[in-house]
Amino acid sequence: MFSPISPIHYLFVGIVLFVTGLICLVTKRNIIAILIGVELILNAANINLVAFSSPVLFTGQVAPLRLDGQIFALFVMILAAAEAAVALAIALHFYSRFGTVDVDRGDSLKG
Amino acid sequence: MMGFDAMAIFFWLFAVVACAGALIVVVSRNIVRAAVGLIVSLFGVALLFFLAGAEFLGAMQLMIYVGGTVVLLAFGVMLTARTLFLRMSTTADQWLVAILLALPLTVILIQAALSYSPFHGGQPSIERTAEKSSATSVRPITITELGMALLGFRENGQNSEAVTLFRGNQGYLLPFELISVHLLVVLIGAAYLARRGVPKTMASSDAASVSDLGPGSTD
């Protein structure tokens, strides 16, 4: 269970990161902390993609995905950076409008 | 004694780093500490990428995430925190909702991970046999293959150990172009959104509430 590192070990690291990111997403009310939770979730997806594409983790039973997983992980990284930039701009706008970063205060659309 | 397995030792070391950073993010009530925990977690993930043979991705993880995204988040913290150590309060019902969401999800994800067939020695669903994979799996993924795939030439990694590049619709030229345009749109959009002050249309429609909730007001 411990010695030959298989993709399933990476999957468990991905599970930990995904669940912690989700908890962070639900429990925090600071908009920056919510962004941090989103980054954790995206990293969990990246870990899975890299694990399934890795040529060193598979020991002869199944062929790894090789190139496709790494390129998708690369795209996820770029999109995460773009998402962080836009979300930070929205957070700054939110702060200048409401004077706080508490997302519960942004209830102007509530009828 | 199973021998000195450096791969396993380093994996557990890096996995503990990644998971500890993620736990710091969740547990800490201080936004600055959460950002530092995110840095630790992303660093551990980058080390895991290096260990899995994805060196370029690990380097990109360090450059884009740790060097770019976390710096953006740190700027966000600095620009929006009113005091140096901004506390975040979490009520009990929020924790209840979080646990109600996280526990079933954890169980489902662990079941899904354990049902992954190579762990049981089951047959792979994809039509790739062991003899083929043993030839291709030892060959590392080079940056040349990644770059050529982004330019529309993709390696044919399924039938031989030789790197054969062919022109076809299996490359990633179109997503590469799309993401370039997307980054340009994001650049313009973020610069537009983050301008100082409120746009005129929003300010005129809701001027009273904006003046009430200026940066000087308390929450």
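Located above this text is the structure these notes cover.
Attention here is on the structure that accompanies the text. (Residues numbered from 1 in each chain as written. Chains lettered and ligands numbered in written order. Predicted model: local features only at pLDDT ≥ 70, side-chain atom pairs only at ≥ 80, totals over all residues. Heavy atoms only, no water.)

With respect to the overall build of chain A
Across its full length, chain A carries 3 helices and 0 strands. Secondary structure elements of chain A, listed N to C terminal, follow the sequence α-α-α. Whereas a compact globule of 111 residues would reach a radius of gyration of roughly 13 Å, chain A reaches 18 Å, over 25% beyond that. Taken along the three principal axes of its C-alpha coordinates, chain A extends 60 × 25 × 25 Å. (Helix = DSSP H or I, 4+ residues; strand = E, 2+ residues; numbered from the N terminus. Rg over C-alpha atoms; globule rule 2.2 N^0.38 Å.)

What about the interface of chain B and chain A?
With 96 residues of chain B at the interface, the matching set in chain A holds 81 residues. The junction of chain B with chain A conceals about 8,400 Å² of combined surface from both sides, 74% of it contributed by carbon and sulfur atoms. Scanning the region where chain B abuts chain A turns up 0 salt bridges. Joining chain B to chain A, the criterion identifies 9 residue pairs in polar contact (both at pLDDT 80 or more). (Contact = heavy atoms within 4.5 Å. Buried area = accessible area lost by both parts, 1.4 Å probe. Salt bridge = Lys/Arg side-chain N within 4 Å of Asp/Glu carboxyl O. Polar contact = N/O pair within 3.5 Å; in protein donor to acceptor, adjacent residues only side chain to side chain.)

With respect to the packing of aromatic side chains
Taken as a whole and assessed by the stated rule, the structure comprises 6 aromatic pairs over all chains. Plain terms: the ring middles of F75(A) and Y172(B) are 6.5 Å apart, the flat faces sit at 65° to each other, and that makes the pair edge-to-face. With F75(A) in helix α3 (residues 67-98) and Y172(B) in the loop between β2 (165-167) and α8 (173-193), the pair connects residues from two separate chains. Residue class for F75(A) comes out buried when judged on its relative accessible area of 10%. Note on Y172(B): relative accessible area 10%, which makes it buried. (Phe/Tyr/Trp six-rings, centres within 6.5 Å; stacked < 30°, edge-to-face > 60°. Buried < 20%, exposed > 50% of the residue type's maximum accessible area, 1.4 Å probe, protein only.)

Looking at helix α4 (residues 92-114) of chain B
With 23 residues, α4(B) should cover 33 Å at 1.5 Å per step; its first-to-last C-alpha distance of 32 Å lies within 8% of that length. Of the residues making up α4(B), those classed as buried are Q94(B), A98(B), A102(B) and A113(B). (Expected span 1.5 Å × (residues − 1).)

A word on the environment of I188(B)
Residues and elements named next belong to chain B. Mapped onto the secondary structure, I188 falls in helix α8. Given the relative accessible area of 54%, I188 is considered exposed. Separated by 88 residues in the primary sequence, I188 and L100 place their C-alpha atoms 40 Å from one another.

Quick look at α8(B)
Under the 1.5 Å per step criterion, the end-to-end length of α8(B) is 30 Å for 21 residues, consistent within 8% with the ideal 30 Å. Burial in α8(B) covers these residues: I179(B), V186(B) and A190(B). The arc enclosing the buried residues of α8(B), seen along the axis, measures out at 20°, which places them on a common side. Exposed residues pointing more than 90 degrees away from the buried face of α8(B) are listed as L174(B), L178(B), V185(B), L187(B), I188(B) and A191(B). Where α8(B) is buried, its residues touch α3 of chain A. (Arc of directions from axis to C-beta.)

Quick notes on the nonpolar core
Counting residues in hydrophobic clusters, the biggest one holds 70 residues, and the most contacted among them are Y10(A), V13(A) and L17(A). Among the elements that line this core, the one with the most residues is α3(A), at 12 residues. Excluding residues that lie within four positions of it along the chain, V13(A) makes contacts with I47(A), F11(B), A15(B), A18(B), C19(B) and L48(B). (Core = buried A, V, L, I, M, F, W, Y, C linked by side-chain atoms within 4.5 Å.)

Quick notes on the packing of helix α2 (residues 31-53) of chain A against helix α2 (residues 31-51) of chain B
Where α2(A) contacts α2(B), the two axes come as close as 11 Å, and the packing angle between them is 10°. Here α2(B) runs roughly parallel to α2(A), going by the angle between their axes. Residues I32(A), A33(A), I36(A), E39(A), L40(A), N43(A), N46(A), I47(A) and V50(A) of α2(A) pack against I31(B), A34(B), A35(B), L38(B), S41(B), L42(B), V45(B), L48(B) and F49(B) of α2(B). Class assignment for the residues of the contact of α2(A) with α2(B) results in 14 nonpolar, 3 polar and 1 charged. (Axes fitted to C-alpha atoms, helices over the stretch in contact; angles between N-to-C directions. Parallel < 35°, antiparallel > 145°, perpendicular 65-115°, else oblique. Nonpolar A, V, L, I, M, F, W, Y, C, P; charged D, E, K, R; others polar.)

Considering the side chain of K28(A)
Structurally, K28(A) can be placed in the loop between α1 (7-27) and α2. No salt bridge is formed by the buried K28(A); the nearest opposite charge belongs to D102(A), separated by 13 Å. In terms of polar contacts, K28(A) uses its side chain to reach the backbone carbonyl oxygen of V25(B), at 3.4 Å. In terms of polar contacts, K28(A) uses its side chain to reach the backbone carbonyl oxygen of V26(B), at 2.9 Å. (Lys, Arg positive; Asp, Glu negative; His and termini not counted.)

Quick word on the pattern of salt bridges
Residue and element names in this part refer to chain A. Scanning all chains against the criterion turns up 2 salt bridges over all chains. One salt bridge in this structure joins D102 and R29, with 3.7 Å as the shortest N-O distance. One end of the pair, D102, is in the segment after α3; the other, R29, is in the loop between α1 and α2, and 73 residues separate them in sequence. On the basis of relative accessible area, D102 is assigned to the buried category, the value being 16%. Judged by its relative accessible area of 25%, R29 falls in the partly exposed class. Across the pair D104 and R29 runs a salt bridge whose closest N-O atoms are separated by 3.4 Å.

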